[in-house]
Amino acid sequence: MTTAINTARTFEPLLESIQRKTAQVGVIGLGYVGLPLVNAFIKAGYDVLGFDVDPQKIAMLEAGNSYIKHVPSQWIQNWQTENRFASTCEMARLKEVDCVVICVPTPLNASRDPDMTYIEATTRQIALALRPGQLVVLESTTYPGTTRDVVLPILKQSGLTPGEDFFLAFSPEREDPGNANYTASSIPKVVGGWDANSLELANTLYANAVVKTVPVSSCEVAEACKILENTYRCVNIAMVNELKVLFDRMGIDIWEVIEAAKTKPFGFQPFYPGPGLGGHCIPIDPFYLTWLARKHEMSTRFIELAGEINTSMPRYVVNKVAASLNHVGKPVRGSKIAVLGVAYKKDIDDPRESPSFKLMELLLEQGAVISYNDPHVPVLPTMRHYDMPRLASEVLTPEYLATRDCVLIATDHSSYDWNFIVTHSPLVVDTRNATHAVTQHRSKIVKA
């Protein structure tokens, strides 16, 4: 009887407010995942209160300015004009919202185990403000079991009962920064609930904001879904990276092989090699799975091997740079090397887990003099795992390129003029096949 009374007091009013779009949504973590999600909820008709621990971000948002390239400032100004959005660092205001969505980082620690610091700290803040009639949804990519085993126990410290006083779900983010074909609202959303009522609430919320929802039987299934998606990409990228090394020794161009193979209209999907993995998911998520397997006294040899291959690629590239410089009678030590691109993929300003930082670290260890250019990253950001010098993006003038001993292409931004770069550089090491259409001075180009 008590459960039925509590459910009537919390579940039914919350469900009605979500359906009528009078529920206020709180998004914690206003980064590459959180801000596009804010836009999706506002476009769907919800008011949103954004939370972030960085006061500089809050100040920029309150001034109507974006700090992410693919989130236009005009979006933020429209939200404010419509009086649908506000942002704050004050986590005590979490009690004001009806639905709390967590979009915080989930990195790896030094031993490549999951670092739950951000999720745990955020959940403790939620627990301090938690009130009856709220829905909490975790979106941060993580290992299966996180919602139930990490988030739920902390929320229960509030003294409230899950499934009666508050509700809990997991719905993995699927952002692809810079992909104009898919926005937060146009990507189907997988949703798993702690119980049936939690699932219904979360599914109803997202169904109003995205093109399609895919409800699944548990939080664990939803968590495992995201791990599968990213491990699939990690393993296939590892395969082509390993083939790149093999084919290079055989004098075969891996990119030409892939172009030929993808003409097959069935049974093949192209993946492309590179200088290493970057981004907020693919370099990290498979290691969640290997860590979880060890806890269950299993080994995921296939996935671990893929991780080893991908993490070895920056060293392979640096060895290529060293061999190329040696071929023209120069050592790495003292050579001036320009790294083109520090974002983890083309045409974005997102440097998270970018292999460019590992490339620069390895080159610095060998005594190279490093500089860089990235039209989307004007100043080299501070990175958690790398001790980088404070550098600003250089202007790609003929004089600058001519005075470099080697130009290393790490990210193939569309704005780069490859003919210009090759013409004015003495040596180009290309990790992205960016110079494939260059016809002049091809003797300067080394593929890596």
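The structure under discussion appears in the preceding block.
Our subject in this report is the structure included herewith. Given the structure is predicted, the values throughout are model-derived calculations rather than measurements.

## Focus: the overall build of the protein
Thinking step 1. Check the secondary structure of the protein and you find 14 helices and 13 strands.
Thinking step 2. For 448 residues, the compact-globule formula gives about 22 Å, and the C-alpha radius of gyration of the protein, at 24 Å, lands near that figure.
Thinking step 3. The C-alpha extent of the protein, read off along each of the three principal axes, is 85 × 50 × 40 Å.
Thinking step 4. Expressed as a percentage of its 448 residues, the buried residues of the protein come to 55%.
Thinking step 5. Just so you have it, the protein exposes about 19700 Å², and 54% of that area is on carbon and sulfur atoms.

## Remarks on the sheet that holds strand β1 (residues 24–28)
Thinking step 1. Spatially, β3-β2-β1-β4-β5-β6-β7-β8 is the arrangement adopted by the eight strands of the open sheet, whose pairing is mixed. The open sheet has two edge strands, β3 (85–88) and β8 (213–216), and neither has a second partner. Sheet twist, expressed as the average angle between the axes of neighbouring strands with direction ignored, equals 25 degrees.
Thinking step 2. Sheet topology places strand β7 (residues 189–193) next to β8; four bridges connect them, and they run parallel. The residue of β8 that forms the bridge with Gly 192 is Val 216.
Thinking step 3. Sheet strands in contact with helix α2 (residues 34–44) are β1, β2 (47–51), β3 and β4 (99–102), and its direction is about 170 degrees off that of β1.

## Points about the nonpolar core
The tendency in soluble globular proteins is for nonpolar side chains to be buried as a group.
Thinking step 1. Counting 40 residues, the largest nonpolar core has Val 25, Phe 41 and Leu 135 as the members making the most contacts within it.
Thinking step 2. In terms of residue count, α2 provides more of this core than any other element does, six residues in total.
Thinking step 3. Apart from residues no more than four positions distant in its own chain, Leu 135 is found in contact with Leu 14, Asp 98, Cys 99, Val 100, Phe 167, Leu 168, Ser 198, Leu 201, Ala 202 and Leu 205.

## Here's the deal with the environment of Ile 254
Thinking step 1. Locating Ile 254 in the fold gives a position in helix α9 (residues 254–261).
Thinking step 2. Note on Ile 254: relative accessible area 4%, which makes it buried.
Thinking step 3. Expressed as a C-alpha distance, the spacing of Ile 254 and Asn 39, which sit 215 residues apart in the sequence, is 40 Å.
Thinking step 4. Apart from the residues within four sequence positions on either side, Ile 254 is in contact with Val 240, Leu 243, Lys 244, Phe 247 and Pro 273.

## A closer look at the packing of aromatic side chains
Thinking step 1. Under the criterion given, the structure shown has seven aromatic pairs.
Thinking step 2. Look at Phe 41 and Tyr 206: their rings are 5.9 Å apart centre to centre, the planes differ by 35 degrees, and that puts the pair in the tilted class. You can see Phe 41 sitting in helix α2 and its partner Tyr 206 sitting in helix α7 (residues 196–207), a full 165 residues away along the chain. No difference in accessibility class separates Phe 41 from Tyr 206, as the two residues are buried.
Thinking step 3. Here the aromatic rings of Trp 79 and Phe 85 are separated by 5.0 Å at their centres, their planes lie at 65 degrees, and the arrangement is edge-to-face.
Thinking step 4. Among the aromatic residues, those joined into a ring-pair cluster are Phe 41, Tyr 46 and Tyr 206.
Thinking step 5. The ring centre of Tyr 206 lies 4.6 Å from the NZ or CZ of Lys 189, which sits over that ring.

## Let's talk about helix α5 (residues 117–129)
Thinking step 1. Taking 1.5 Å as the rise per residue, α5 with 13 residues should run 18 Å; its terminal C-alpha atoms sit 19 Å apart, in good agreement.
Thinking step 2. Among all positions in α5, only Ile 119, Thr 122, Thr 123, Ile 126, Ala 127 and Ala 129 are buried. Axial view of α5: buried residues confined to an arc of 165 degrees, hence all on one face.

## Focus: the sheet that holds strand β11 (residues 406–409)
Thinking step 1. An order of β10-β9-β11-β12-β13 is seen for the five strands of this open sheet, with the pairing classed as parallel. Sheet topology places β10 (369–373) and β13 (445–447) at the edges, where each strand pairs with a single neighbour. The sheet shows a mean angle of 25 degrees between the axes of neighbouring strands, direction not considered.
Thinking step 2. Relative to β13, strand β12 (residues 428–430) is paired through three bridges, and the arrangement is parallel. Note that in β13 the partner of Asp 430 across the bridge is Lys 447.

## Focus on helix α3 (residues 55–62)
Thinking step 1. One side-chain oxygen at the N-terminal end of α3 lies 2.9 Å from the backbone nitrogen of Gln 56; it belongs to Asp 54.
Thinking step 2. Two residues or fewer after α3 comes Gly 64, characterised by a positive phi angle close to 80 degrees.

Definitions and limits used
- Residues numbered from 1 in each chain as written.
- Predicted model: local features only at pLDDT ≥ 70, side-chain atom pairs only at ≥ 80, totals over all residues.
- Heavy atoms only, no water.
- Helix = DSSP H or I, 4+ residues; strand = E, 2+ residues; numbered from the N terminus.
- Rg over C-alpha atoms; globule rule 2.2 N^0.38 Å.
- Buried < 20%, exposed > 50% of the residue type's maximum accessible area, 1.4 Å probe, protein only.
- Areas by Shrake-Rupley, 256 points an atom, 1.4 Å probe, with all protein chains shown as cover.
- Pairing = 2+ DSSP bridges.
- Axes fitted to C-alpha atoms, helices over the stretch in contact; angles between N-to-C directions.
- Contact = heavy atoms within 4.5 Å.
- Core = buried A, V, L, I, M, F, W, Y, C linked by side-chain atoms within 4.5 Å.
- Phe/Tyr/Trp six-rings, centres within 6.5 Å; stacked < 30°, edge-to-face > 60°.
- Lys NZ or Arg CZ within 6 Å of the ring centre and 35° of its normal.
- Expected span 1.5 Å × (residues − 1).
- Arc of directions from axis to C-beta.
- Polar contact = N/O pair within 3.5 Å; in protein donor to acceptor, adjacent residues only side chain to side chain.

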